Amino acid sequence: MSAAPKLSISPTLALARPDILTLQAYEHALWDPGLERLHANELPWRASGDNSGAGLNRYPEPQPRALVARLASLYGVAPEQTLVGRGSDEGIDLVVRAFCRAGEDAVLITPPTFGMYAVAARIQGAAVRSVPLDARRGFALDADTVLAACDPSVRVVFLCSPNNPTGNLLDADAMAHLARALEGRAILVVDEAYGEFAEGPGMAPRLAAHPNLVVLRTLSKAHGLAGARCGSLLAAPEIVALLRKLIPPYAITQLTVEAVLQFLEPPALAVMRERIALLRRERARLYHSLQRMAGVDHVWPSEANFLLASFVQPDQALQRSLDAGLLVRDVRRQPGLGHALRITVGTPEQNDRLLQALSS
Ligand SMILES: *Cc1c(COP(=O)(O)O)cnc(C)c1O
């Protein structure tokens, strides 16, 4: 009782852990580039050879405003709806930590899907419920079955679209229907790590209609910046404000801020779009070649930068890839994927080499 906040809160925030709602956030050192910094115990000189814009001797700005604004505009949302973190992985972790009480609450996942949702839940001590995607309908979302499985302990539902490792988009209207039905009951997270490789605007334009919707985007895949560790969590401002209390105050390094701002300038974005176009052409070529190949049972159509393919002899396919110096992902442990491997679309030369190795 004593932990309950006195002010009335929205039905969405009421889903959060009470101790997180009342948590006093760490008061980081005031950030004002116009003033001299004698308040953060930093060294007043740059390290020898430090050519960064702001100086690595300084703590970076928490939630750097320029970066937040740039990412918000990239994804067509407001800065207040944007939390920048170390990849989408950090967003996944923050949502689970904010909304799931250890030993009491649960998350729901729709396998086969990305493994981090369940790992983040287990680290937090939350249970993991599974409602498989419908394999007979190309791994489509069965929103009503998900809804039926959402008892009051389920606080977070994770969907992935395009889904990793199956490659298909989930139906946007089905996801919106689920978000609406879960209002005041659970947070719906839609992970769009591969959104740039697919057609359509994704779920970000629907955020205003759904107070419990969280969309995850990342620079790791289509932007070619996996090593920079920069992802965005898009949600209602009150969710973003809540999660800001949990994210470490200096999560984004100054090196990342400066590099990413440069990579989001129009010339770099133009290169990125050309590469996405090339990658989609290669995806189509790989898809058709694999489909015609002896020893391949099935190839699933993909809206991402990878293909899921089922092999008659997957061990042999893995070995042949390795012999050609190529790693592909063994996903056979995932439910319903008994003979399947996940193949990332590479350069035309890599794809040729893979096709040749597999057909030998
Ligand atoms: C790769 C991947 C991520 C990880 O993204 P980061 O931004 O690099 O943390 C998140 N979700 C899915 C489904 C992925 O495949």
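Reading guide: rules and limits
Residues numbered from 1 in each chain as written. Predicted model: local features only at pLDDT ≥ 70, side-chain atom pairs only at ≥ 80, totals over all residues. Heavy atoms only, no water. Near = heavy atom within 4 Å. Polar contact = N/O pair within 3.5 Å; in protein donor to acceptor, adjacent residues only side chain to side chain. Areas by Shrake-Rupley, 256 points an atom, 1.4 Å probe, with all protein chains shown as cover. Nonpolar A, V, L, I, M, F, W, Y, C, P; charged D, E, K, R; others polar. Salt bridge = Lys/Arg side-chain N within 4 Å of Asp/Glu carboxyl O. Helix = DSSP H or I, 4+ residues; strand = E, 2+ residues; numbered from the N terminus. Buried < 20%, exposed > 50% of the residue type's maximum accessible area, 1.4 Å probe, protein only. Pairing = 2+ DSSP bridges. Right-handed = clockwise from strand over helix to strand, strands pointing away.

**A closer look at the site of the ligand**
And step 1. The environment of the ligand is made up of 14 residues, and the closest members are Ser88, Asp191, Thr218, Ser220 and Lys221.
And step 2. Between an oxygen atom of the ligand and a main-chain N or O atom of Asp89, the distance comes to 3.0 Å.
And step 3. The contact in question runs from an oxygen atom of the ligand to an N or O atom on the side chain of Tyr194, over 2.6 Å.
And step 4. Calculation on the ligand without its partners gives an accessible area of 380 Å², and the protein chains cover 93% of this total.
And step 5. When grouped by side-chain class, the residues that make up the shell around the ligand number five nonpolar, five polar and four charged.

**Brief notes about the pattern of salt bridges**
And step 1. Applying the stated criterion across every chain yields a total of 24 salt bridges.
And step 2. The closest approach of N and O atoms between Arg137 and Asp134, which form a salt bridge, is 2.9 Å.
And step 3. Of the charged contacts in the structure, one is a salt bridge between Arg217 and Glu196, with a shortest N-O distance of 3.3 Å. Here Arg217 is found in strand β6 (residues 213–218), whereas its partner Glu196 is found in the loop between β5 (187–191) and β6, with 21 residues between them in sequence. No difference in accessibility class separates Arg217 from Glu196, as the two residues are buried.
And step 4. One network of salt bridges, in which partners are shared, links Arg101, Glu104, Asp105 and Arg155.

**Some remarks on the pairing of β5**
And step 1. For β5, a buried count of five out of five residues is recorded, marking the element as mostly surrounded by other parts of the structure.
And step 2. Two strands pair when backbone bridges link them, and strand β4 (residues 154–160) and β5 are joined in this way by five bridges, in the parallel orientation. Opposite Leu159, over in β5, you have Val190 as the bridge partner.
And step 3. Handedness of the crossover joining β4 and β5 through helix α6 (residues 172–181) is recorded here as right-handed.
And step 4. Bridging between β5 and β6 involves four bridges; their strand directions are parallel. Note on β6: the bridge partner recorded for Val189 is Val214.

From the geometry alone we can't say anything about function, so treat these as descriptive.
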